[in-house]
Amino acid sequence: MEINKSGILSVVGRPNVGKSTLMNALVGEKIAIVSSKPQTTRNRILGMVNRGDCQYVFMDTPGLHKARNRLGDYMVKVVRESVADVDGVLLLVEPIANIGAPEGELIARAAQLGVPTVLVINKIDTVKKEELLAVMEVYSRAHPFHAVVPVSARQGEGVDGLLDVLQDLLPEGPPLFPEDMVTDQPERQICAEIVREKLLRCMDKEIPHGTAVEITRFSEREDGILDLEATIYCEKNSHKGMIIGKGGAMLKKIGAMAREDIERFMGTKVFLQTWVKVKENWRDNTTLIKNFGYRDT
């Protein structure tokens, strides 16, 4: 069927509410990394869904939080700008009958710009129906949402219904991206993010937030095998030792987990080498922030 409706829909919310999990569920493929730690997503990521005569272009964003360094400033700027010049906003919230400061700010921003906003209540598998109704009532009093859609992004529940609702927000027009494209992220960037995801999964406390990953080699052999080198940057020598681990065990574990996911994403065998380097205070260095792929949209 020929696509004759297409639009950009921004997915916003506080950190760790499930935006990247929802994005992956909508697209049907892992294009955004996921972890239980807040501020996992640092960049704006586009994911495309072609369904019937519609092309949905979803924009995954960092969680709105109080910035503590220049990287944080960049992430907050991405969120605030992502509410402008879009066809609709998905405000993703947890099933809690209280509107926090990040949700209040995002609602006010959408109202100021007059952008149609759909309230998406995530993690509905964790609460009873009465609790969910209370959440819907609190938010409905705060803003005239275009619709309220309960989902469980982790289980994929409610995703098709959400697409049905969002179809009304798409303007008529040709597809914005080629129909075989699922994300705007270069393969090299996705591979770097997969390595960072494994860092988040394996490392405790603040260390993962002080890391960045750069793919310093990305080449394909004649037989299709990919040779990748990933350099992990951290802010302290003590962190470097912890990332490498005793006898290199932690770095080996991170690399093995990342290689499996990269092979799944790329559809081919991957030979991955990982290195760790120290770049002190890189999160406050504008040049390094840009070098690591965090650029203004």
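Residues numbered from 1 in each chain as written. Predicted model: local features only at pLDDT ≥ 70, side-chain atom pairs only at ≥ 80, totals over all residues. Heavy atoms only, no water.

Turning our attention to the overall build of the protein chain. The secondary structure content of the protein chain amounts to nine helices and nine strands. Counting across all 297 residues of the protein chain, residues that qualify as buried make up 50%. The long-range share in the protein chain, meaning contacts at least 24 apart out of those at least 6 apart in sequence, stands at 73%. Summing over all exposed atoms, the protein chain offers an accessible surface of approximately 14,100 Å²; the carbon and sulfur share of this is 48%. (Helix = DSSP H or I, 4+ residues; strand = E, 2+ residues; numbered from the N terminus. Buried < 20%, exposed > 50% of the residue type's maximum accessible area, 1.4 Å probe, protein only. Contact = heavy atoms within 4.5 Å. Areas by Shrake-Rupley, 256 points an atom, 1.4 Å probe, with all protein chains shown as cover.)

Moving on, we get to the pattern of salt bridges. All told, the structure shown has 12 salt bridges when counted by the stated rule. Across the salt bridge formed by R51 and D164, the nearest N and O atoms sit 3.0 Å from each other. Placement of R51 in strand β2 (residues 45-51) and of D164 in helix α5 (residues 159-166) is noted, with a sequence separation of 113 residues between them. Since its relative accessible area comes to 26%, R51 is described here as partly exposed. For D164, a relative accessible area of 42% puts it in the partly exposed group. A salt bridge links E137 to R141, with the nearest nitrogen and oxygen atoms 3.1 Å apart. On the criterion of helical spacing, the pair formed by E137 and R141 is a turn pair, its members being four residues apart in helix α4 (residues 129-142). R141 sits in the exposed class, given a relative accessible area of 61%. (Salt bridge = Lys/Arg side-chain N within 4 Å of Asp/Glu carboxyl O.)

Further remarks concern unusual backbone geometry. Note: most peptide bonds trans; most residues except glycine with negative phi. In this structure, K123 is a non-glycine residue whose phi angle is positive, near 65 degrees. Mapping K123 onto the fold places it in the loop between β5 (117-121) and α4.

Now for the packing of aromatic side chains. Under the defined criterion, the tally for this structure stands at two aromatic pairs. Between the aromatic rings of Y56 and F58, the centroid separation amounts to 6.0 Å while the plane-to-plane angle is 0 degrees, which identifies the pairing as stacked. (Phe/Tyr/Trp six-rings, centres within 6.5 Å; stacked < 30°, edge-to-face > 60°.)

This paragraph deals with α4. The first and last C-alpha atoms of α4 sit 21 Å apart over 14 residues, in line with the 20 Å expected at 1.5 Å per residue. On the buried face of α4, the contacting elements are β4 (88-93), α3 (101-113), β5 and β6 (147-150). (Expected span 1.5 Å × (residues − 1).)

Where a protein is soluble and globular, its nonpolar side chains tend to be buried together. In terms of nonpolar packing, the biggest core is built from 26 residues, with L22, Y56, F58, L90, L162 and L166 touching the most fellow members. At the level of secondary structure, the elements contributing two or more residues to this core comprise β1 (5-12), α1 (19-27), β2, β3 (54-60), β4, β5, β6 and α5. Core analysis: the next-biggest nonpolar cluster, separate from the first, contains 24 residues, M203, V213, L226 and L251 among them. (Core = buried A, V, L, I, M, F, W, Y, C linked by side-chain atoms within 4.5 Å.)

Let us now look at the packing of α1 against α5. Helix-helix packing is characterised by the crossing angle of the two axes and by the distance between the axes. It is at 10 Å that the axes of α1 and α5 come closest, and there the two elements cross at 85 degrees. Put simply, α1 runs roughly perpendicular to α5. Contacts between α1 and α5 involve L22, A25 and L26 from the first element and V159, L162 and L163 from the second. Each residue belonging to the contact of α1 with α5 can be placed in one class, and the counts come to six nonpolar, no polar and no charged. (Axes fitted to C-alpha atoms, helices over the stretch in contact; angles between N-to-C directions. Parallel < 35°, antiparallel > 145°, perpendicular 65-115°, else oblique. Nonpolar A, V, L, I, M, F, W, Y, C, P; charged D, E, K, R; others polar.)

When pLDDT is averaged along the protein chain, the result is 83, and 82% of the positions lie at 70 or above. Predicted confidence is poor over residues 35-42, with pLDDT under 50, and the contacts of this stretch with residues over four places away or in other chains come to 41 contacts. Predicted confidence for residues 63-67 stays below pLDDT 50, and this span has 22 contacts to residues more than four positions away or in other chains. (pLDDT = per-residue confidence, 0-100.)

Attention now moves to the sheet that holds strand β9 (residues 270-278). Reading across from one edge, β7-β8-β9 is the order of the three strands in this open sheet, with mixed pairing throughout. Edge positions in the sheet fall to β7 (212-220) and β9, since each has one partner strand and no second. Along the sheet, successive strands turn relative to each other by an average axial angle of 15 degrees, direction set aside. In this sheet, β9 lies alongside strand β8 (residues 226-234) in parallel orientation, the contact comprising nine bridges. Counted as the bridge partner of L226 is V270 from β9. Contacting β7, β8 and β9, helix α8 (residues 249-266) crosses the sheet at an angle of about 135 degrees to β9. (Pairing = 2+ DSSP bridges.)

Take the packing of helix α7 (residues 237-244) against α8 next. At a minimum axis distance of 4 Å, the contact between α7 and α8 shows a crossing angle of 65 degrees. Between α7 and α8, the residues in contact are M242, I243 and I244 and A249, M250, L251 and I254, respectively. The residue makeup of the contact of α7 with α8, split by class, is seven nonpolar, no polar and no charged.

Here we come to the sheet that holds β2. Strand order across the open sheet formed by six strands is β2-β3-β1-β4-β5-β6, with mixed pairing between neighbours. Edge positions in the sheet fall to β2 and β6, since each has one partner strand and no second. Averaged over all adjacent pairs, the angle separating strand axes in this sheet is 25 degrees, with direction ignored. Relative to β3, β1 runs parallel, the two being bridged by seven bridges. Across the sheet, G7 pairs through a bridge with Y56, a residue of β3.

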